[in-house]
Amino acid sequence: MNQEPLTLYKLIVLYMLDRVTFPLTTAQISEFILDKEYTNFLTLQTAISELMETGLAESRTILNRTQLQITDEGRNTLHYFENRISDAIKSDIIDYFKNHKLELRNESSIQGNFYKLVNGEFEAQLVAKDKDVDLVNIRISVPTQELAASICANWQKKNKEIYQYLTEQLF
């Protein structure tokens with residue numbers, strides 16, 4: 001594969017990650033890049049993998065969603081090579097964030113995950129973040145994996161109402 005286009009795709013991903021104050025999921029990045037038809041899915045996945053392998057981006061997976069963040073080394077690399085991204089692509093990214101920033105942030109800021117405890121039960125951990133600060137961090141022990149998964153799914157759908165209820169009751 002020609003390295004020049006792959007380098008551009010890596011720079012586009014770094015540029016996107018650098019323009020937000022929260023992690024982006026690989027699905028969010030893919031949606032933008034594939035909708036704009038900059039490249040195909042496999043090439044994009046190669047670019048993202050290489051960014052992580054070289055330490056320019058870091059990832060974490062929560063409930064089958066991989067979130068990416070730019071590292072300091074990635075930010076330095078972007079600063080050095082940013083001129084290789086056309087103004088048209090930069091404008092597309094900025095417009096995309098203007099139109100979708102709230103939904104992108106909410107998707108990354110509301111996290112639900114579950115895991116099995118040593119006693120055989122499951123624990124659902126529900127988090128609402130603002131930047132890197134936990135606004136709410138709730139852990140609920142339940143007897144089954146299905147119940148834990150359901151709690152996490154409902155947290156994604158009803159987090160605003162739950163957060164509002166908690167603040168009204170506790171403040």
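Structure: above.
Keep in mind that this is a model prediction, so the values were computed, not measured. (Residues numbered from 1 in each chain as written. Predicted model: local features only at pLDDT ≥ 70, side-chain atom pairs only at ≥ 80, totals over all residues. Heavy atoms only, no water.)

Enquirer: Outline the environment of I70, listing residues and values.
Expert: Position of I70 relative to the elements: it lies in strand 3 (residues 65-70). Assessed through its relative accessible area of 9%, I70 is described here as buried. Remark: the alpha-carbon pair of I70 and M16, spanning 54 residues in sequence, is separated by 9.0 Å. Those residues within four positions of I70 in sequence are excluded, and the remaining contacts are L14, L17, D18, L56, A57, R75 and L78. (Helix = DSSP H or I, 4+ residues; strand = E, 2+ residues; numbered from the N terminus. Buried < 20%, exposed > 50% of the residue type's maximum accessible area, 1.4 Å probe, protein only. Contact = heavy atoms within 4.5 Å.)

Enquirer: Lay out the side chain of K10 in plain terms, naming residues and giving numbers.
Expert: Here K10 shows up in helix 1 (residues 3-18). Under the relative-accessibility criterion, K10 is labelled buried at 15%. A distance of 2.6 Å separates the side chain of K10 from the side chain of E50, its partner in a polar contact. (Polar contact = N/O pair within 3.5 Å; in protein donor to acceptor, adjacent residues only side chain to side chain.)

Enquirer: I'd like a rundown of the nonpolar core, residues and numbers included.
Expert: In this structure, M16, L24, I29 and I33 are the most contacted members of the largest nonpolar core, which totals 31 residues. Sort the elements by how many residues they give to this core and helix 1 lands first, with nine residues. Every residue in contact with L24, bar those within four places of it in the chain, is listed here: M16, L17, I29, T66, Q67, L68, F97, L104 and S108. F114, L126, A128 and A148 belong to the second-largest nonpolar core, a separate cluster that totals twelve residues. (Core = buried A, V, L, I, M, F, W, Y, C linked by side-chain atoms within 4.5 Å.)

Enquirer: Pulling in residues and values, what's your account of a nonpolar patch on the surface?
Expert: A cluster of nonpolar side chains, V133, L135 and Y163, forms an exposed patch at the surface whose accessible area comes to about 270 Å². With respect to the helices and strands, the residue L135 is situated in strand 6 (residues 133-142). Classification of L135 as partly exposed rests on a relative accessible area of 46%. (Patch = residues over 30% accessible without salt bridge, like charges linked within 9 Å, V, L, I, M, F, W, Y side chains within 5 Å. Areas by Shrake-Rupley, 256 points an atom, 1.4 Å probe, with all protein chains shown as cover. Salt bridge = Lys/Arg side-chain N within 4 Å of Asp/Glu carboxyl O.)

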